[in-house]
Amino acid sequence: MQRRAVLVGLASLPVFARQVRAQAPSGPHSLPPLPYPTNALEPHIDQRTMEIHHGRHHQAYVNNLNAALKDHGEAAKLPLHELLAKLGELPEGIRTAVRNNGGGHANHTMFWEVMGPGGGQPAGALKDAIDRDFGGLDKLQEQFNAAGLRVFGSGWVFVTVDAAGKLAIVTRPNQDTPLMEGGRVLFGNDVWEHAYYLLYQNRRGDYLKAWWNVVNWQKVGERYAAAQAGKLTI
Ligand code: MN
């Protein structure tokens, strides 16, 4: 009985996938291309994880967000950060879909942007803010990793930046983001198992430590400057 159900389920999958692709509206949101090749973050994040994470997980958030907005023209016109800040004003029927998939789209767009093969170190106003608010990069990393380890199940660990440039570590479950409270994310790490399981299995702590090797500090510095200028969106 159970076996037959599984077989039927598998047999219908390709058809279902084709239908979803055919029906998914192509906008208003779209998958941003990765700013580097999928193998650029090796050995810390493996190529296969990047391919699946960007090409399938993130693409699915985009497709599902577009599908949710299909019959809601006003909401579809909003830039993503404004859409997420106005979740409470959306029709109840699409609120959860926009929260999960719009949040997923924003979080992953930020995530690809703040990583890169170059690494580097925080500099200038960003370094000053890290020293002031955390007592140095080592302390920031220690607190960030501890917070990331404490996330139960799927979620994110972020460093937020407020209008005065002050930094703070926060976590959110699922695909929630501080953008949903009108906040701004300086950078963040994805602690869903899909982000690290192929290479690290259950060792989330090892992933959190290794992740610092692929943080693009120049890009984070640009985001910090944009936040201070009131121009940081997602
Ligand atoms: Mn993810």
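Located above this text is the structure these notes cover.
Residues numbered from 1 in each chain as written. Predicted model: local features only at pLDDT ≥ 70, side-chain atom pairs only at ≥ 80, totals over all residues. Heavy atoms only, no water.

Enquirer: How would you sum up the packing of aromatic side chains? Please name residues and give values.
Expert: Counted under the stated rule, the structure contains 14 aromatic pairs. Ring centres 6.0 Å apart and planes at 80 degrees place the aromatic pair Phe-187 and Trp-212 in the edge-to-face group. One end of the pair, Phe-187, is in strand 3 (residues 185-190); the other, Trp-212, is in the loop between helix 9 (204-211) and helix 10 (217-228), and 25 residues separate them in sequence. Measuring from ring centre to ring centre gives 5.3 Å for Trp-211 and Trp-212, while their planes differ by 65 degrees; the resulting arrangement is edge-to-face. Accessibility assignment for this pair places Trp-211 and Trp-212 in one class, buried. One aromatic cluster is present, built from ring pairs that chain together Phe-111, Trp-112, Phe-144, Trp-156, Phe-158, Phe-187, Trp-211, Trp-212 and Trp-217. (Phe/Tyr/Trp six-rings, centres within 6.5 Å; stacked < 30°, edge-to-face > 60°. Helix = DSSP H or I, 4+ residues; strand = E, 2+ residues; numbered from the N terminus. Buried < 20%, exposed > 50% of the residue type's maximum accessible area, 1.4 Å probe, protein only.)

Enquirer: With reference to specific residues and values, describe the pattern of salt bridges.
Expert: Between side chains of opposite charge, a pair can form as their charged atoms come close. Evaluation of the coordinates by the stated rule reveals eleven salt bridges. In this structure, Arg-223 engages Glu-113 in a salt bridge whose closest nitrogen and oxygen atoms are separated by 3.2 Å. Here Arg-223 is found in helix 10, whereas its partner Glu-113 is found in helix 5 (residues 92-113), with 110 residues between them in sequence. When the shortest N-O distance is used, the salt bridge between Arg-203 and Asp-206 registers 3.1 Å. (Salt bridge = Lys/Arg side-chain N within 4 Å of Asp/Glu carboxyl O.)

Enquirer: Before we move on, could you go through the nonpolar core and cite the residues and values that matter?
Expert: Core analysis: the largest hydrophobic core is formed by 46 residues, its most contacted members being Met-115, Leu-167, Leu-186, Phe-187, Trp-211 and Trp-217. For this core, the secondary structure elements donating two or more residues are helix 5, helix 6 (124-134), helix 7 (137-150), strand 1 (155-161), strand 2 (167-173), strand 3, helix 9 and helix 10. Examining the composition of this core, we find that five residues originate from one element, strand 1, more than from any other. Core analysis: the next-biggest nonpolar cluster, separate from the first, contains 15 residues, Ala-75, Leu-83, Leu-87 and Ala-106 among them. (Core = buried A, V, L, I, M, F, W, Y, C linked by side-chain atoms within 4.5 Å.)

Enquirer: Which residues make up the packing of helix 6 against helix 10, and what values do they have?
Expert: Viewed as axis vectors pointing N to C, helix 6 and helix 10 meet at an angle of 85 degrees, and their least axial separation amounts to 9 Å. One finds that helix 6 runs roughly perpendicular with respect to helix 10. On the side of helix 6, the interface is formed by Ala-125, Leu-126, Ala-129, Ile-130 and Arg-132, while helix 10 contributes Trp-217, Val-220, Gly-221 and Tyr-224. Each residue belonging to the contact of helix 6 with helix 10 can be placed in one class, and the counts come to seven nonpolar, one polar and one charged. (Axes fitted to C-alpha atoms, helices over the stretch in contact; angles between N-to-C directions. Parallel < 35°, antiparallel > 145°, perpendicular 65-115°, else oblique. Contact = heavy atoms within 4.5 Å. Nonpolar A, V, L, I, M, F, W, Y, C, P; charged D, E, K, R; others polar.)

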